[in-house]
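Geometric and topological summary
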Amino acid sequence: MGTNLYFLPGMSDQDQDAYIKDLVDYGIKVVRVWVNGQAGNGHCEKGSKLSVQLPQLETTLGKFNDQTLDAVDKVVNKLSQKGIKAIISPHDANSLLGDYRKDVYSDKWGKTKFYQSQDAFDAYDKRMDHILQYKGAHSGKVWKDWSDAIMAFDIQNEPMSADTSVCKNNDSKGWMCGRAKHMRQTLGDSAIKIATGGIGGDISHDCTFMKAATGCEAVDLMAVHRYGGSESSNQGQWSSGAKSWVSQAGGKLVFVEEWGANTGSSDPKSELPAQAGDLNKAGMPNLYWQFLPKQSDGCSYDPKSDSGDKFGIYVEGSTDIGAVAKGASSADAIQDWSKIMG
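None of these values were measured; they are calculated from a predicted model.

Structural notes on the overall build of the protein chain
Helix and strand counts for the protein chain come out as twelve helices and twelve strands. In terms of C-alpha radius of gyration, the protein chain reaches 19 Å, essentially the compact-globule figure of 20 Å for 342 residues. With the principal axes as the frame, the protein chain shows a C-alpha extent of 50 × 45 × 40 Å. Long-range contacts, defined here as pairs at least 24 residues apart, represent 73% of the contacts in the protein chain between residues at least 6 apart. Carbon and sulfur atoms form 45% of the exposed surface of the protein chain, whose accessible area is close to 13700 Å². Averaged over its 37 positive side-chain charges, the protein chain has a centre that lies 2 Å from the centre of its 43 negative ones.

Printed below as a string of structure tokens:
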């Protein structure tokens, strides 16, 4: 079992270390992190005070702010030293929506042309080359060769979610497979895998198993993003779908990269183990959204009151995350992950 935490690089060393210790104690195996900007300056993010300010990797197209990669490298190195692997998401498709998250790709191409224009493809390939070939300021490792620490790179976080008409049209311009092939060419014979990142966002958008991805040799892992209702109102919601997902995946490994228990409508003390138990029954590896660091002083935040994200669960709280993680470790997987996780 794993967790997502998109703001981990923005936390202080002390807070990172405390959080990672909690994850180790729980038995968490994988953490998914983002190559993104961080507000820093004491900004409160989901209950955590961020002390490290980081720019977007590209504030000018094609020019890279490596301090952002340095910060990601620091946390991946810390995780690796504790036996936890990382999934790195190199760009967030939500940046294409044109809202407060917008970036240079949004400014130049917007949410649709980004997936249709060759000059956008070339710019993104350049970004991916820079990320994959980056040599860590803290680890000293070239990322593309660091399979002991990095399990996979997403092609993007939730590609085409900003305009699902692109994936519903089976990616007519070949963005997904083209980017995956370019990544594999750069990765060479590295054991690091290429994951889809949750095509179209939530699985309800009917893009997750787009044939342009399942039929692409360069794609290794099909990532499911799914936020369903409570287990009591939808019993077997994970175990009833797992075999179908595997059958749609074209022989690729399937995992749930994002899921969450709605703390606004259910008590996470019971809902987390209920859904996790069904995931274990399904034999589906998964990463939670999100196990949050212990709340910082002066950063009041209650996930159940968050209008856009009610899924956060604090570590060191009343929900037994450790029991859930240990249950996942003892479950039999529906597919063979031994070459990836050991």
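Things to note about the side chain of Glu 45
Relative to the helices and strands, Glu 45 resides in strand E3 (residues 43–45). For the buried Glu 45, no salt bridge exists, and the shortest N-O distance to an oppositely charged side chain is 5.5 Å, to Lys 46. A polar contact of 2.3 Å, which involves the side chain of Glu 45, links it to the side chain of Tyr 6. Here His 43 takes part through its side chain, which lies 2.8 Å from a polar atom of the side chain of Glu 45.

Regarding the layout of surface pockets
In this model, the largest pocket occupies a volume close to 1100 Å³. Taken together, 37 residues make up the lining of the largest pocket; nearest its centre are Tyr 6, Asp 92, Asn 94, Tyr 100 and Arg 101. The residue makeup of the lining of the largest pocket, split by class, is eleven nonpolar, 15 polar and eleven charged. By volume, the second largest pocket is sized at about 530 Å³. Along the walls of the second largest pocket sit 24 residues, with Met 1, Pro 285, Ala 328, Trp 337 and Met 341 positioned nearest its centre. When residues of the lining of the second largest pocket are traced back to their parent elements, those giving at least two are helix H10 (268–282), strand E10 (286–288), helix H11 (321–329) and helix H12 (338–341).

With respect to the packing of aromatic side chains
Taken as a whole and judged by the stated rule, the model has 20 aromatic pairs. Relative to Trp 175, the ring of Tyr 115 has its centre 4.9 Å away and its plane inclined at 80°; by these criteria the two rings are edge-to-face. Separated by 60 residues along the polypeptide, Tyr 115 in the loop between helix H4 (110–113) and helix H5 (118–133) and Trp 175 in helix H7 (residues 175–187) bring together distant segments of the chain. Judged on exposure class, the residue Tyr 115 and its partner Trp 175 are both buried. Put simply, the rings of Tyr 105, Trp 109, Phe 114, Tyr 115, Tyr 124 and Trp 175 touch in pairs and so form one group of aromatic residues. Above the ring of Trp 109, the side-chain terminus of Lys 108 is found at 5.5 Å from the ring centroid.

Some words on the environment of Asp 70
Considering the arrangement of structural elements, one finds Asp 70 in helix H2 (residues 66–81). As a C-alpha pair, Asp 70 and Leu 54 span 16 residues in sequence and 9.9 Å in three-dimensional space. When near neighbours in sequence (up to four residues on either side) are disregarded, Asp 70 contacts Tyr 134, Ala 137 and His 138. Of note is the side chain of Asp 70, whose polar atom sits 2.6 Å from the side chain of Tyr 134.

Notes on the pattern of salt bridges
On inspection of all chains with the given rule, the structure shows 18 salt bridges. Note that Asp 25 is salt-bridged to Lys 21, the shortest N-O span being 3.0 Å. Of this pair, Asp 25 and Lys 21 are both found in helix H1 (residues 13–26), four residues apart, which corresponds to roughly one turn of the helix. What makes Asp 25 partly exposed here is its relative accessible area of 44%.

Looking at unusual backbone geometry
Note that the residue after Trp 289, namely Gln 290, is joined by a cis bond; omega there is -20°. You will see that Asp 171, though not glycine, has its phi angle at about 50°, which is positive. With respect to the helices and strands, Asp 171 occurs in the loop between helix H6 (165–168) and H7. Judged by relative accessible area, which is 4%, Asp 171 ranks as buried. Positive phi, close to 60°, is recorded for Glu 316, a residue that is not glycine. Its location among the elements puts Glu 316 in the loop between strand E12 (313–314) and H11.

Calculation notes
Residues numbered from 1 in each chain as written. Predicted model: local features only at pLDDT ≥ 70, side-chain atom pairs only at ≥ 80, totals over all residues. Heavy atoms only, no water. Helix = DSSP H or I, 4+ residues; strand = E, 2+ residues; numbered from the N terminus. Rg over C-alpha atoms; globule rule 2.2 N^0.38 Å. Contact = heavy atoms within 4.5 Å. Areas by Shrake-Rupley, 256 points an atom, 1.4 Å probe, with all protein chains shown as cover. Lys, Arg positive; Asp, Glu negative; His and termini not counted. Charge placed at Lys NZ, Arg CZ, Asp CG, Glu CD. Buried < 20%, exposed > 50% of the residue type's maximum accessible area, 1.4 Å probe, protein only. Salt bridge = Lys/Arg side-chain N within 4 Å of Asp/Glu carboxyl O. Polar contact = N/O pair within 3.5 Å; in protein donor to acceptor, adjacent residues only side chain to side chain. 1 Å grid on protein atoms, 1.4 Å probe; cavity = no way out; pocket = protein on both sides within 12 Å on 5 of 7 lines; lining within 4 Å. Points joined across faces, edges and corners; volume = space filled by probe spheres on them. Nonpolar A, V, L, I, M, F, W, Y, C, P; charged D, E, K, R; others polar. Phe/Tyr/Trp six-rings, centres within 6.5 Å; stacked < 30°, edge-to-face > 60°. Lys NZ or Arg CZ within 6 Å of the ring centre and 35° of its normal.

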